[in-house]
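Geometric and topological summary
Now for the letters of each chain:
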Protein chains: 2
Amino acid sequence: MPLSVAEIGSFHVGGRIVRIEGLPPVEVAFTPDTALLRMPQDGDFDAFQMYVQYVKLDRPKTSVPLLLWHGGSLTGACWESTPDGRPGWQSIFLRAGWNVYVSDAVERGRASWARSPEIYTSSPLFRSKQEARALFRIDGSQFPIENFDQLTKSLVPRWATNDEPTSAAYDELLRRLGRSVIVAHSQGAAFALRAALQRPGALDAIVAVEPSAVPRVSGNELSGVRNVRHLFVWGDRLDAFWRPLAERSRAYHEELRACGVDSTFLELPKAGVAGNSHLAMLDRNSEAVAERVLEWLTRR
Amino acid sequence: MPLSVAEIGSFHVGGRIVRIEGLPPVEVAFTPDTALLRMPQDGDFDAFQMYVQYVKLDRPKTSVPLLLWHGGSLTGACWESTPDGRPGWQSIFLRAGWNVYVSDAVERGRASWARSPEIYTSSPLFRSKQEARALFRIDGSQFPIENFDQLTKSLVPRWATNDEPTSAAYDELLRRLGRSVIVAHSQGAAFALRAALQRPGALDAIVAVEPSAVPRVSGNELSGVRNVRHLFVWGDRLDAFWRPLAERSRAYHEELRACGVDSTFLELPKAGVAGNSHLAMLDRNSEAVAERVLEWLTRR
């Protein structure tokens, strides 16, 4: 069935202008046809903005947009296709009737990145294929291992010192879009849970797939998110790294419920969906996981 | 009119694996919830791959895909929307009936980038807002200056030492897609003209919008591109930087014609399209420029 699309487009949001002064210019030959070009290093630079791409349907089932926020080392590309070339969650949620916004977080992909140490205060971190394979629980999982290269080609460098501006850019995005649903993965889910506390009126629901962190708040501090439904999704074969994060995630879910929040903690293996890696949206059973999310999102 | 879309997706193509050895690990706190994590810097890394996103129509007017290749400092996002939020050339060519492939070149956007000096042999170059404004001939042009920030937020760092692997990745893309039409801008157009010589059978036509370089070949060396139609497009108010490049471009066009190639040199001001900056696809009259390109593409 073809998808009836009204509009495809993108924009950048958030960030600020940083002035650099006192760096010497560099001389560069950009092409064989041009002489050495003197390129100033000083000037004004945009930094800490993010990139957002949208597909709007001709007849969405709801005016509330669905936002897909990626995790660490990844970009929005992780929602477009699986490594073995099947439709990604972007397509699945579009076909379910949502207008879908796929973003690249600050410093990742099309959001661009800035120089250090003048703007970013630390060095970029590069994740090797071996580390990705271990950290994402690839071996023995439902991940389509024969296309592992498609995953590792999509990995981007990251920094560990830009949480504040990244959170600010996400907040700016929510301010711009109004009431939204967020489906987020890992580091993106950590930002989504935080965003709900910053701007609770903006959100209908959050789906947090294996969040890498949860907010350190409790009791009255949670009153602002009383009307934001929460779904936590955890995959299979959690190891010494992920098990404690899943437990923190469960504790936060219990805290939310104690405050009257409609929160669900979905352990995929207990729900009959077995073998997921950390990257459920890329696994062979990505569609089955998306179906569980869709059931929950549309259940009332 | 809604667009009837069969499929949206993306993939990475090209590149190679580089092994890094002998770097000390770094200790990183990725989230407030996790202890310092020892992150090895050694291992295998993908490098020099590119990113390609496609939108396939339910009923394309031709099976030949149209590829949009961006210029220096930009990513594929420049084809999605104009800075003032109008539909970009991606949408215009989709609505004209093509399946459209938008790519991010090696080292840009979602293609990712690699560490230097171990993998890239030079340092990244950051373009200031001031330099972009001058180089792209923004002032007094049709560029929507009130949204200049949308342009500069989209600028990404670049290197000046990756032409060979970038060209190789584009070649790999053409090998994968088969017969194609390329619409390319600036540095992307330089790569497109080069790609035609490397893989002439793969191309129906090239539209080179203000190419930053042209191949240094002539006579018999051009026999391979005899069946590839060429369109060169140049904007308005060429300055001391762009005028010589436009002249080189014209000389190459004359050389192509002398070899029997169907080549057209379109000077927009002479064709009644006035005031374009270097970024015709982002200018207020971007649709008028696209129409000229479409007329040429479909003229027989």
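Coordinates for the structure precede this section.
Description of the structure in this document. For clarity, every value in this text was computed on a predicted model and none was experimentally measured.

Turning next to the interface of chain B and chain A. On the side of chain A, 80 residues touch chain B, which itself brings 80 residues to the contact. Note on chain B versus chain A: buried area summed over both sides is about 6700 Å², and carbon and sulfur give 53% of it. The closest approach of N and O atoms between Arg110(A) and Asp104(B), which form a salt bridge, is 2.8 Å. At the boundary of chain B and chain A, one finds 32 residue pairs in polar contact (both at pLDDT 80 or more). With 13 residues, the top contributor of residues to the side of chain B that touches chain A is strand β1 (residues 3-20) of chain B. Class assignment of the residues belonging to the side of chain B that touches chain A gives a composition of 37 nonpolar, 24 polar and 19 charged. With three bridges joining them, strand β1 (residues 3-13) of chain A and β1(B) adopt antiparallel strand pairing. For Leu3(A), the partnering residue across the bridge sits in β1(B) and is Val5(B).

Turning next to the pattern of salt bridges. Residue and element names in this part refer to chain B. According to the stated counting rule, one finds 46 salt bridges over all chains in the structure shown. The residue aspartate 84 makes a salt bridge to arginine 86 at a minimum N-O spacing of 3.0 Å. Judged by relative accessible area, which is 27%, aspartate 84 ranks as partly exposed. You can call arginine 86 partly exposed: its relative accessible area is 22%. The residue arginine 229 makes a salt bridge to aspartate 262 at a minimum N-O spacing of 3.4 Å. Separated by 33 residues along the polypeptide, arginine 229 in strand β9 (residues 229-234) and aspartate 262 in the loop between α6 (242-258) and β10 (263-267) bring together distant segments of the chain. Accessibility expressed as a relative area gives 28% for aspartate 262, which makes it partly exposed.

In the structure shown here, the tally under the stated rule is 35 aromatic pairs over all chains. Arranged with centres 6.1 Å apart and planes meeting at 35 degrees, the rings of Phe11(A) and Tyr54(A) form a pair that is tilted. Of this pair, Phe11(A) sits in strand β1 while Tyr54(A) sits in strand β6 (residues 50-57); the two residues are 43 residues apart in sequence, bridging distant segments of the chain. Judged by relative accessible area, Tyr54(A) falls into the buried class, the value being 7%. Clustering of aromatic rings is evident, with ring pairs tying together Phe48(A), Trp113(A), Tyr120(A), Phe126(A), Trp159(A), Phe48(B), Trp113(B), Tyr120(B), Phe126(B) and Trp159(B). Above the plane of the ring of Phe148(A) lies Arg133(A), whose end atom (NZ or CZ) is 5.4 Å from the centre.

Okay, the relation of the copies chain B and chain A next. Between the two chain copies there is a screw-like relation: a rotation about an axis and a shift along it. It takes a turn of 180 degrees to lay chain B on chain A, together with a shift of 0.0 Å along the axis; the resulting RMSD is 0.0 Å. Such a combination of rotation and displacement between the chain copies is what one expects of a two-fold axis. In terms of C-alpha distance to the rotation axis, chain B has Gly109(B) as its closest residue, with the C-alpha 2.1 Å off the axis. Mapped onto chain A, 100% of the interface residues of chain B are again interface residues, and the two copies thus contact each other with one and the same surface.

What follows concerns helix α7 (residues 286-297) of chain A. Residues and elements named next belong to chain A. In this model, α7 (12 residues) spans 16 Å end to end at C-alpha, consistent with the 16 Å of a helix rising 1.5 Å per residue. For α7, the set of buried residues is Ser286, Val289, Ala290, Val293, Leu294, Trp296 and Leu297. The buried residues of α7 occupy an angular sector of 160 degrees when the element is viewed end-on, so they sit on one face. Turning to α7, the residues buried within the fold contact β7 (66-69), α1 (89-95), β9 (180-185), β10 (203-209), β11 (229-234) and β12 (263-267).

Bringing the pairing of β11(A) into the picture now. All names here are of chain A. Of all six residues that make up β11, six are buried, and the element is covered over most of its length. Burial along β11 is two-sided: the residues Arg229, Leu231 and Val233 and His230, Phe232 and Trp234 are all buried. Relative to β11, β10 is paired through five bridges, and the arrangement is parallel. When the bridges of β11 are listed, alanine 205 appears paired with arginine 229. Sheet topology note: the β11/β12 ladder contains five bridges and is parallel. Residue pairing across strands places leucine 231 opposite threonine 264, the latter belonging to β12. For the crossover from β11 across helix α6 (residues 242-258) to β12, the handedness is right-handed.

Next up on the list: α6(B). All names here are of chain B. For α6, with 17 residues, the first-to-last C-alpha span of 24 Å sits near the 24 Å given by 1.5 Å per residue. For α6, the full list of buried residues reads Trp242, Leu245, Ala246, Ser249, Tyr252, His253 and Leu256. Angular distribution of buried residues about the axis of α6 spans 120 degrees; they occupy a single face of the element. If you follow the buried residues of α6, they end up packed against α2 (129-135), α5 (187-198), β9 and β10. The first or second residue beyond α6 is glycine 260, which carries a positive phi of 90 degrees.

Scoring rules and cut-offs
- Residues numbered from 1 in each chain as written.
- Chains lettered and ligands numbered in written order.
- Predicted model: local features only at pLDDT ≥ 70, side-chain atom pairs only at ≥ 80, totals over all residues.
- Heavy atoms only, no water.
- Contact = heavy atoms within 4.5 Å.
- Buried area = accessible area lost by both parts, 1.4 Å probe.
- Salt bridge = Lys/Arg side-chain N within 4 Å of Asp/Glu carboxyl O.
- Polar contact = N/O pair within 3.5 Å; in protein donor to acceptor, adjacent residues only side chain to side chain.
- Helix = DSSP H or I, 4+ residues; strand = E, 2+ residues; numbered from the N terminus.
- Nonpolar A, V, L, I, M, F, W, Y, C, P; charged D, E, K, R; others polar.
- Pairing = 2+ DSSP bridges.
- Buried < 20%, exposed > 50% of the residue type's maximum accessible area, 1.4 Å probe, protein only.
- Phe/Tyr/Trp six-rings, centres within 6.5 Å; stacked < 30°, edge-to-face > 60°.
- Lys NZ or Arg CZ within 6 Å of the ring centre and 35° of its normal.
- Least-squares fit on C-alpha atoms with pLDDT ≥ 70 in both.
- Expected span 1.5 Å × (residues − 1).
- Arc of directions from axis to C-beta.
- Right-handed = clockwise from strand over helix to strand, strands pointing away.

The quantities given are spatial measurements derived from coordinates; they are silent on function.
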